[in-house]
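Structural characterization, general
The lines below spell out each chain.
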Amino acid sequence: MQIGLIGLGKMGGNMRERIRRAGHTVVGYDRNPELSDVGSLSELAERLDAPRVVWVMVPAGAATQSTVDELTGLLSPGDTVVDGGNSRWTDDEKHAEQLAAKGIGFVDAGVSGGVWGLENGYALMVGGDKEHVDRLGPIFEALKPDGPYGYVHAGKVGAGHFAKMVHNGIEYAMMQAYAEGWELLEKVDSVENVREVFRSWQQGTVIRSWLLDLAVDALDEDQHLGKLRGYAEDSGEGRWTVEAAIDNAVPLPAITAALFARFASRQEDSPQMKLIAALRNQFGGHAVESNK
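Residues numbered from 1 in each chain as written. Predicted model: local features only at pLDDT ≥ 70, side-chain atom pairs only at ≥ 80, totals over all residues. Heavy atoms only, no water.

**Focus on the nonpolar core**
If you look at the biggest cluster of nonpolar residues, it comprises 21 residues, and the most contacted ones within it are I3, W55, F140 and L143. Not counting chain neighbours up to four residues away, the residues in contact with W55 comprise I3, G4, L5, I6, M15, V82, G84, A109, V111, I139, F140 and L143. (Core = buried A, V, L, I, M, F, W, Y, C linked by side-chain atoms within 4.5 Å. Buried < 20%, exposed > 50% of the residue type's maximum accessible area, 1.4 Å probe, protein only. Contact = heavy atoms within 4.5 Å.)

**Focus: unusual backbone geometry**
In this model, A50 is joined to P51 through a cis peptide bond whose omega is -10 degrees. Not every positive phi belongs to a glycine, and L225 is a case in point at roughly 55 degrees. With respect to the helices and strands, L225 occurs in the loop between α10 (210-221) and α11 (237-247). Given a relative accessible area of 25%, L225 falls into the partly exposed group. Positive phi values are uncommon outside glycine, yet A249 reaches one of about 55 degrees. On the secondary structure map, A249 appears in the loop between α11 and α12 (253-264). (Helix = DSSP H or I, 4+ residues; strand = E, 2+ residues; numbered from the N terminus.)

**Looking at the environment of V27**
Mapped onto the elements of the fold, V27 is located in strand β2 (residues 25-29). When its relative accessible area of 4% is taken as the criterion, V27 is described as buried. Expressed as a C-alpha distance, the spacing of V27 and E43, which sit 16 residues apart in the sequence, is 9.8 Å. Excluding residues that lie within four positions of it along the chain, V27 makes contacts with I3, G4, L5, D37, V38, L44, R47 and L48.

**Side note on the side chain of T64**
Mapped onto the elements of the fold, T64 is located in helix α3 (residues 62-74). T64 sits in the buried class, given a relative accessible area of 0%. Other than its neighbours up to four places away in sequence, T64 contacts V58, P59, D83, S87 and H95.

**Re the pattern of salt bridges**
Following the criterion strictly, the structure yields 17 salt bridges and no others. In the salt-bridge network here, residues are joined through shared partners; they are R195, E196, R199 and D220. (Salt bridge = Lys/Arg side-chain N within 4 Å of Asp/Glu carboxyl O.)

**Quick look at α12**
Residues that lie three or four places apart on an α-helix share one face, since the helix turns once every 3.6 residues. End to end, α12 covers 16 Å across 12 residues, agreeing with the expected 16 Å (1.5 Å per residue, within 8%). All of the buried residues in α12 are I255, T256, A258, L259 and R262. Down the axis of α12, the buried set is contained in an arc of 160 degrees. They therefore lie on one face. Residues of α12 that are exposed and point more than 90 degrees away from the buried face comprise P253 and F260. Packing partners of the buried residues in α12 comprise α8 (159-187) and α11. (Expected span 1.5 Å × (residues − 1). Arc of directions from axis to C-beta.)

**Here we look at the packing of α8 against α12**
The contact between α8 and α12 brings their axes to 8 Å, and the two run at 70 degrees. In this view, α8 runs roughly perpendicular relative to α12, as classed from their interaxial angle. In contact with G169, I170, Y172, A173, M175 and Q176 of α8, α12 contributes A254, I255, A258, L259, A261 and R262. Tallied by class, residues from the contact of α8 with α12 come to nine nonpolar, two polar and one charged. (Axes fitted to C-alpha atoms, helices over the stretch in contact; angles between N-to-C directions. Parallel < 35°, antiparallel > 145°, perpendicular 65-115°, else oblique. Nonpolar A, V, L, I, M, F, W, Y, C, P; charged D, E, K, R; others polar.)

**Considerations on the packing of aromatic side chains**
Considering all chains together, one arrives at six aromatic pairs under this definition. Relative to Y151, the ring of F140 lies with its centre 5.2 Å away and its plane at 25 degrees, an arrangement referred to as stacked. Of this pair, F140 sits in helix α7 (residues 137-143) while Y151 sits in strand β7 (residues 151-155); the two residues are 11 residues apart in sequence, bridging distant segments of the chain. Assessed through its relative accessible area of 32%, Y151 is described here as partly exposed. One aromatic cluster is present, formed by W55, F140 and Y151 through successive ring pairs. The ring of Y172 is capped by R262, whose NZ or CZ atom sits 3.7 Å from the centre of that ring. Its guanidinium or amino end placed over the ring of Y231, R266 lies 6.0 Å from that ring's centre, counting from NZ or CZ. (Phe/Tyr/Trp six-rings, centres within 6.5 Å; stacked < 30°, edge-to-face > 60°. Lys NZ or Arg CZ within 6 Å of the ring centre and 35° of its normal.)

Purely spatial values, then, with no claim about function.
And the structure:
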């Protein structure tokens, strides 16, 4: 099968290689000419045989919108566009409508696998009409992990990215739980080898996971994580998960707390804690610390 792939960064570049290893033809475009197979989106469209399939792997928001806008003018009825980035599901509905006006199909694909996807495969959560999804079957098969799992047609347009959003929300909460447990273990004097405690959990426990394996790898590189600053960004999907929970009246206390913990990580001197310290001093005479 032949496919165009736009965006050849850490994810897109490895996806191109995995698809090629499966015997398919990939024409890749990236703004970095050192990575790109063609010089422009128009050249990419010209290189593909009709009906064309173009997979987009660029940042969500303005970058994805501008790419869809350009493809709307370059592609023809019967072609299909796949958005495999981390777009919001509500954007998928707009993009599908925009492309459908030109007779172009649209599929949204939530992709998980990170830098390990080239060797291990990518988990794929896909949304769209069956006719468009089925057409991409050989590419999905090439990208997914070996075996029966790792791919799902989750539902209509937007379902793929909604499922990936919830996946990332769960990831937030799982990472936060490991982080809190690690900090508590590091805090007490009686536990002398926190790294090996984490390693012991990798077999035979109910909390073993790939994230735990990665945590052990990180601790092997830097046993007490002293080289790192305690600062964590959020990609936006955690926020969207919490917003969707509010819209649907679904309680998500663990995921919400994990998101707020990332916000707290960006405060070197918490304004909230200043007021709490002041109140504790006022009602109980508790000691306060002054900024030096």
